[in-house]
Amino acid sequence: MSEVKPDKTESRRGFLRKLTGWFLGVGVVAGSWPFLRALIPNVHYEPPKRFKVGMPETFTPGVHFLDEHRLFLFRKDNAFHAVSGVCTHLGCTVKFSPFKQAKEMTVRKLTYSSAGEFHCACHGSRFHDEGTNFAGPAPRPLKWFQLELSPEDGQLVVDVSQEVDREFRLVV
Ligand code: FES
C-alpha cells in the first residue's frame with residue numbers, strides 16, 4: 001500500500017495566504033487607529049463627588065434645590081442636611097412640593113416635622129421629605145449625603161460618595 005504524501009506546494013500556499021491575511025488585518029487596524037482614537041475623549045466629564053455649595057448663612061431656613069447637583073439642601077435653624085433629587089426608579093429629578101403648614105409625621109418609626117413631599121413627574125413616585133418612598137414605582141428612599149464645613153473657607157461641602165442616615169444633621 002502506498003502512502004499519500006501531503007502536497008508541500010499546497011500547504012506552503014495556504015500558509016502564505018494566511019500570513020498575507022494577517023498582515024492585511026494588522027494594516028487595516030493600524031491605518032484606522034488615528035480615526036478610532038479620535039472618537040475616544042481624553043477627558044472624563046464625570047461630575048466631582050465632593051463639592052462646595054456656598055456659605056451656610058447664604059441659605060435661608062427651608063428647602064433649597066441646587067439644580068446643577070440635583071440635590072436638596074434643608075436648613076432648620078442652624079442644622080443642615082442634603083437629600084438627593086434623583087428618583088430611585090429611573091433617575092428623573094424629583095420636585096419638592098411644600099405643605100401649606102408643616103405636619104407632624106411618623107415615617108419608619110421616626111417622628112418629625114414634615115415640610116412637604118417629593119414628587120417625580122416621570123412615573124408618579126412620591127417620597128416623604130425625609131426621603132422614604134411611599135407611592136409609585138420607586139423601589140428605595142432618596143439618598144442622604146454627607147455634609148461638612150470646608151476647613152479652608154467655611155463653605156458647606158457635600159460628599160455624594162458618602163451616604164448618611166436620615167437622622168444626620170450638620171449643625172453650624
Ligand atoms: S423615574 Fe421617578 S417614578 Fe420613574
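Residues numbered from 1 in each chain as written. Predicted model: local features only at pLDDT ≥ 70, side-chain atom pairs only at ≥ 80, totals over all residues. Heavy atoms only, no water.

Q: I'm lost on the environment of cysteine 87 in this one. Help?
A: In this fold, cysteine 87 is placed in the loop between β4 (79-84) and β5 (95-107). Classification of cysteine 87 by relative accessible area gives buried; the value is 5%. On a C-alpha basis, the gap between cysteine 87 and cysteine 122 in space is 9.2 Å, while along the polypeptide they are 35 residues apart. Those residues in contact with cysteine 87 that lie beyond four places of it in its chain are Cys92, Val94, Cys120, Ser125, Phe127, Ala138 and Leu142. (Helix = DSSP H or I, 4+ residues; strand = E, 2+ residues; numbered from the N terminus. Buried < 20%, exposed > 50% of the residue type's maximum accessible area, 1.4 Å probe, protein only. Contact = heavy atoms within 4.5 Å.)

Q: Sorry if this is basic, but what is going on with the nonpolar core here?
A: Grouped burial of nonpolar side chains is what soluble globular proteins tend to show. Ranked by internal contacts, the top residues of the largest apolar core, which has 27 residues, are Leu73, Val94, Phe118, Leu147, Leu156 and Val158. If you list the elements that add at least two residues to this core, you get β1 (50-54), β3 (71-76), β4, β9 (144-149) and β10 (156-163). Ranked by residues supplied to this core, first place goes to β3 with four residues. Residues within four places of leucine 147 in sequence aside, it is in contact with Leu73, Phe80, His81, Ala82, Leu156, Val157, Val158, Phe168 and Leu170. (Core = buried A, V, L, I, M, F, W, Y, C linked by side-chain atoms within 4.5 Å.)

Q: Please clarify how the environment of threonine 106 should be interpreted in this entry.
A: Position of threonine 106 relative to the elements: it lies in strand β5. Threonine 106 sits in the exposed class, given a relative accessible area of 54%. Within the structure, threonine 106 has its side chain in polar contact with the side chain of threonine 111 (distance 2.8 Å). (Polar contact = N/O pair within 3.5 Å; in protein donor to acceptor, adjacent residues only side chain to side chain.)

Q: It is not clear to me how the packing of aromatic side chains should be interpreted in this structure. Could you clarify?
A: With the rule as written, the count across this model stands at six aromatic pairs. When the ring of phenylalanine 65 is compared with that of phenylalanine 72, the centres are 4.7 Å apart and the planes differ by 35°; the resulting orientation is tilted. Cluster of aromatic residues (ring-pair linked, three or more members): Phe65, Phe72, Phe74, Phe96 and Phe118. Looking at lysine 103, its charged tip hangs above the ring of phenylalanine 99, at a distance of 4.1 Å from the centre. (Phe/Tyr/Trp six-rings, centres within 6.5 Å; stacked < 30°, edge-to-face > 60°. Lys NZ or Arg CZ within 6 Å of the ring centre and 35° of its normal.)

Q: What's the story with unusual backbone geometry in this structure? I'm lost.
A: In most cases, non-glycine residues show a negative phi, while peptide bonds are predominantly trans. Even without being glycine, arginine 108 reaches a positive phi, approximately 45°. Tracing the chain through its elements places arginine 108 in the loop between β5 and β6 (110-119). Of note in the backbone geometry, lysine 109 takes a positive phi value of approximately 70° without being a glycine. Mapping lysine 109 onto the fold places it in the loop between β5 and β6.

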